Amino acid sequence: MTRKAFTLGDAAREFVSHPSPWMIGAALVASVVARCAVGDWQLTDALVPVVMLAVFPLFEWIVHVFVLHWRPRRFGRITLDSLLARDHRLHHIDPRDIPLIFIPWRALLWILPVAMTVAFLAFPRTGLGLTFLSVVSVLGLCYEWCHYLIHTDYTPKGSAYRAVWRNHRQHHYKNEHYWFTVTTAGTADRILRTYPDPAEVPTSPTSKNLHATTTARQ
């Protein structure tokens, strides 16, 4: 008997059954509606998405390296170890555990308000801040979908997606010290020198056990 192929439709049905896409999607709808209501469109509203798209691979790399791959540190009786880092270690232990693929909904309870705060305090116009918030939400949904799809049984078809798929799979199954971008391949990793020839990189014994620390689900 042959196994039924896993289609994009199958992936989409599973994707929308998790809270993270709905939370980010709600933020997107709210920010777009508010942006249209405010009006005051200017040239800078067109520049914001261009700049954010250019910067996003670097942002993704920084978060992956310094937040998700954070090594737990003890200061006296206190251990500094975030929910994002703990869940990411669990994700490396079992990359096919679907709930662990997504941004934890508990983390989004503070990530989304922080994004809103930045939108309203860091920009000179309310409209521009809402443009920023809308683009952030789109990028968040794209990240969640791309990351989720890579870890499913969906077979890459286009060359661009195949490169992204291979890039992230090498991070999980070859060596966790390289290939940190998720939605692109060979962008920030090339700039920051974490995009080596896979044939010259040894297979890491800790790719499924970050920092050689066994972690139980919390």
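About the criteria used
- Residues numbered from 1 in each chain as written.
- Predicted model: local features only at pLDDT ≥ 70, side-chain atom pairs only at ≥ 80, totals over all residues.
- Heavy atoms only, no water.
- Helix = DSSP H or I, 4+ residues; strand = E, 2+ residues; numbered from the N terminus.
- Buried < 20%, exposed > 50% of the residue type's maximum accessible area, 1.4 Å probe, protein only.
- Lys, Arg positive; Asp, Glu negative; His and termini not counted.
- Salt bridge = Lys/Arg side-chain N within 4 Å of Asp/Glu carboxyl O.
- Contact = heavy atoms within 4.5 Å.
- UniProt positions renumbered as here; feature names shortened; annotations may be inferred.
- Expected span 1.5 Å × (residues − 1).
- Arc of directions from axis to C-beta.
- Axes fitted to C-alpha atoms, helices over the stretch in contact; angles between N-to-C directions.
- Parallel < 35°, antiparallel > 145°, perpendicular 65-115°, else oblique.
- Left-handed = near helix turned anticlockwise from the far one by under 90°.
- Nonpolar A, V, L, I, M, F, W, Y, C, P; charged D, E, K, R; others polar.

Further remarks concern the side chain of E60. With respect to the helices and strands, E60 occurs in helix α3 (residues 43-68). Buried charge without a partner: E60 forms no salt bridge, and the closest opposite charge is R190, 13 Å away. Once residues lying within four places of it in the same chain are set aside, the contact partners of E60 are Y143, T181, V182, T183 and T184.

The feature "transmembrane region" (unreviewed entry), as given by UniProt, occupies residues 47-68, 98-123 and 129-150 in the numbering adopted here. Secondary structure content for residues 98-123 is 65% helix and 0% strand, while the C-alpha to C-alpha distance between its ends is 36 Å.

Glancing now at helix α2 (residues 19-38). Taking 1.5 Å per residue, 20 residues should reach 28 Å; α2 reaches 29 Å between its end C-alpha atoms and fits that length. Residues of α2 that are buried: S20, P21, I24, G25, A27, L28, S31 and R35. Seen along its axis, α2 keeps its buried residues to an arc of 160 degrees; they face one direction. Summarising the geometry of α2, the exposed residues directed more than 90 degrees from the buried face are W22, V29, V33 and A37. Tucked inside the fold, the buried residues of α2 contact α1 (8-15), α3, α5 (105-121) and α6 (126-150). Remark: G39 follows α2 within two positions and exhibits a positive phi of approximately 70 degrees.

Another point: the environment of T126. By the secondary structure assignment, T126 is in helix α6. Between the C-alpha atoms of T126 and R35, which are 91 residues apart in sequence, the distance is 8.5 Å. Beyond its immediate stretch of four places on either side in the chain, T126 contacts V38 and F120.

Time to look at the side chain of S207. Secondary-structure assignment places S207 in the segment after α8 (188-191). When neighbours within four sequence positions are excluded, S207 is seen to be in contact with H92, H172 and E176.

Okay, the environment of Y148 next. Structurally, Y148 is set in helix α6. By relative accessible area, which is 0% here, Y148 ends up buried. Sequence separation of Y148 and L100 is 48 residues, and the distance between their C-alpha atoms is 9.5 Å. Once residues within four sequence positions are removed from consideration, Y148 is found in contact with F6, D10, A11, E14, F15, I98, I101 and F102.

The subject of this paragraph is the pattern of salt bridges. For the structure on display, the rule yields six salt bridges. The shortest N-O distance in the salt bridge between D10 and R13 comes to 2.7 Å. Highlighted residues: D10 and R13, both in helix α1, separated by three residues, approximately one helical turn. Overall, R13 belongs to the exposed group, its relative accessible area being 57%.

Quick look at the packing of α5 against α6 now. Look at α5 against α6: their axes get within 7 Å of each other, and the N-to-C directions meet at 150 degrees. It follows that α5 is roughly antiparallel to α6 by the angle criterion. For the element pair α5 and α6, the recorded crossing hand is right-handed. Taking contact as the criterion, the partners of A115, M116, V118, A119 and F120 in α5 are, on α6, T126, G129, L130, F132 and L133. When its residues are assigned to classes, the contact of α5 with α6 shows eight nonpolar, two polar and no charged.

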